[in-house]
Amino acid sequence: MTDLLVFTPEVSAALAAGQPVVALESTIITHGMPYPQNIETARRVEAAIRAEGAVPATIALMRGRIHIGLSDPQLEELAQAEGVMKVSRADLAVCLSRGAYGATTVAATMICAQRAGISVFATGGIGGVHRGAGESFDISADLAELGQTAVTVVCAGAKAILDLPKTFEVLETDGVPVFAYGQDTLPAFWSRDSGLAAPLRADHPAEIAKAALMRAALGLPGGQLVANPVPPEAEIPRAVILPVIEQALAEADARNIKAKAVTPFLLQRIFELTEGRSLAANIALVLNNARLAAQIAKEIVTLR
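My aim in this report is to walk through the structure given alongside it, one point at a time.

The subject of this paragraph is the overall build of the chain. When helices and strands are tallied, the chain shows 13 helices and 11 strands. At 18 Å, the chain has a C-alpha radius of gyration in line with the 19 Å of a compact globule built from 304 residues. For the C-alpha atoms alone, the extent of the chain along its principal axes is close to 50 × 40 × 35 Å. Nonlocal contacts in the chain, meaning residues at least 24 apart in sequence, comprise 73% of its contacts between residues at least 6 apart. Accessible area for the chain stands at about 12600 Å²; split by element, carbon and sulfur atoms hold 54% of it.

To continue, consider the environment of proline 34. Inspection of the secondary structure puts proline 34 in the loop between α2 (27–32) and α3 (37–51). Residue class for proline 34 comes out partly exposed when judged on its relative accessible area of 32%. Between the C-alpha atoms of proline 34 and alanine 79, which are 45 residues apart in sequence, the distance is 8.8 Å.

On to the packing of aromatic side chains. According to the stated counting rule, one finds 1 aromatic pair in the structure shown. Arranged with centres 4.9 Å apart and planes meeting at 70°, the rings of phenylalanine 189 and tryptophan 190 form a pair that is edge-to-face. With respect to class, phenylalanine 189 is no different from tryptophan 190; both count as buried.

Take the pattern of salt bridges next. Under the criterion given, the structure shown has 12 salt bridges. The partner of arginine 43 in a salt bridge is aspartate 72, with the nearest N and O atoms 2.8 Å apart. Placement of the pair is arginine 43 in helix α3 and aspartate 72 in helix α4 (residues 72–80), with a sequence separation of 29 residues. Between arginine 269 and glutamate 272 there is a salt bridge whose closest N-O contact spans 2.8 Å. Highlighted residues: arginine 269 and glutamate 272, both in helix α12 (residues 262–273), separated by 3 residues, approximately one helical turn. A relative accessible area of 40% places glutamate 272 in the partly exposed class. Connected through salt bridges with shared partners, the residues Glu10, Glu46 and Arg50 form a single ionic network.

A few words on the side chain of threonine 123. Mapped onto the fold, threonine 123 is located in the loop between β7 (120–122) and α7 (133–136). In terms of polar contacts, threonine 123 uses its side chain to reach the side chain of glutamate 25, at 2.3 Å. If sequence neighbours within four positions are ignored, threonine 123 has contacts with Glu25, Val106, Val153, Val154, Cys155 and Asn289.

The next thing to look at is the nonpolar core. Counting residues in hydrophobic clusters, the biggest one holds 108 residues, and the most contacted among them are Ile68, Ile126, Leu171, Trp190 and Leu225. With 14 residues, the top contributor of residues to this core is helix α13 (residues 277–303). Residues in contact with isoleucine 126, not counting those within four places in the same chain, are Val106, Asp142, Leu143, Leu146, Val153, Cys155, Gly157, Ala158, Lys159, Leu162, Leu171 and Leu225.

With that settled, the discussion passes to unusual backbone geometry. In the Ramachandran plot, asparagine 256 falls in the positive-phi region, its phi being about 60° despite a non-glycine side chain. For glutamate 275, which is not glycine, the phi torsion reads 55° and is therefore positive. Structurally, glutamate 275 is set in the loop between α12 and α13.

Interaxial distance between α3 and α4 falls to 9 Å at its minimum, and their mutual angle equals 145°. Regarding α3 and α4, the two cross each other, and that crossing is right-handed. Contacts between α3 and α4 involve Asn38, Ile39, Ala42, Arg43 and Glu46 on the former and, on the latter, Asp72, Leu75, Glu76 and Ala79. Its residues assigned to classes, the contact of α3 with α4 shows 4 nonpolar, 1 polar and 4 charged.

Definitions and cut-offs
- Residues numbered from 1 in each chain as written.
- Predicted model: local features only at pLDDT ≥ 70, side-chain atom pairs only at ≥ 80, totals over all residues.
- Heavy atoms only, no water.
- Helix = DSSP H or I, 4+ residues; strand = E, 2+ residues; numbered from the N terminus.
- Rg over C-alpha atoms; globule rule 2.2 N^0.38 Å.
- Contact = heavy atoms within 4.5 Å.
- Areas by Shrake-Rupley, 256 points an atom, 1.4 Å probe, with all protein chains shown as cover.
- Buried < 20%, exposed > 50% of the residue type's maximum accessible area, 1.4 Å probe, protein only.
- Phe/Tyr/Trp six-rings, centres within 6.5 Å; stacked < 30°, edge-to-face > 60°.
- Salt bridge = Lys/Arg side-chain N within 4 Å of Asp/Glu carboxyl O.
- Polar contact = N/O pair within 3.5 Å; in protein donor to acceptor, adjacent residues only side chain to side chain.
- Core = buried A, V, L, I, M, F, W, Y, C linked by side-chain atoms within 4.5 Å.
- Axes fitted to C-alpha atoms, helices over the stretch in contact; angles between N-to-C directions.
- Left-handed = near helix turned anticlockwise from the far one by under 90°.
- Nonpolar A, V, L, I, M, F, W, Y, C, P; charged D, E, K, R; others polar.

Function cannot be inferred from these measures alone, as they are strictly geometric.
Here it is, written out as structure tokens:
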């Protein structure tokens with residue numbers, strides 16, 4: 001596996017020195033935002049992590065290798081590439097064997113981060129149980145990955161387009177600790193309050209770091225999920241966003257959009273229906289998560 005990993009000099013030096021490193025996914029660049037907002041956001045997220053005293057490691061697949069950290073030209077290349085595979089556990093090996101461009105989902109990023117020796121990962125929102133999963137069985141591989149791969153994932157909750165109660169039930173069944181950061185309810189991506197009580201609450205990065213280290217000491221498999229609410233000034237309240245989500249879901253169903261195509265379609269349609277407000281919230285929450293992830297990574301290094 002090490003032969004497949006390509007590290008930037010910055011990330012390689014940080015890992016060798018035992019400095020805090022934060023993994024970042026790449027689907028937000030290729031499938032989550034339009035160009036040029038995608039590359040601008042990627043640069044801002046990396047800068048936010050550096051400002052907190054950690055090193056960013058954006059993960060992507062290029063020409064048969066897993067890149068742990070991307071140079072600025074590589075970020076630009078990925079942001080404008082066409083036909084990029086959206087890679088999860090099931091197709092990670094296929095993408096590498098084909099030498100194709102691959103953007104890592106939460107699941108694939110966790111796999112690559114763990115193999116690279118990175119224990120903290122910042123993203124926007126995780127995947128989960130899709131609405132109507134009782135018929136479609138459409139459940140994101142992100143949930144299974146959280147149950148088996150020891151990486152702490154910082155997000156703004158599960159994506160609000162999902163069946164949130166069922167998503168968190170699956171995480172509980174898989175033994176994944178779910179923390180709401182600084183509040184007693186779980187956030188819902190664009191909204192600070194999903195209406196669901198949080199299983200656990202954490203008010204300081206050190207609490208999350210200590211829990212991660214204790215899980216490792218106990219030999220427990222799986223990661224941790226930290227649900228960090230979107231900043232108040234960027235929030236789209238539940239009462240505002242829910243009707244928009246319902247309209248986008250109805251349109252996806254009418255067009256028979258399925259599987260991996262669902263989430264990109266819904267995000268784009270919600271962007272259009274909110275006149276760009278959802279994208280502004282998305283950028284704000286990703287930056288917020290990156291800062292918290294860097295703080296957790298620093299605490300893990302301090303406590304280890």
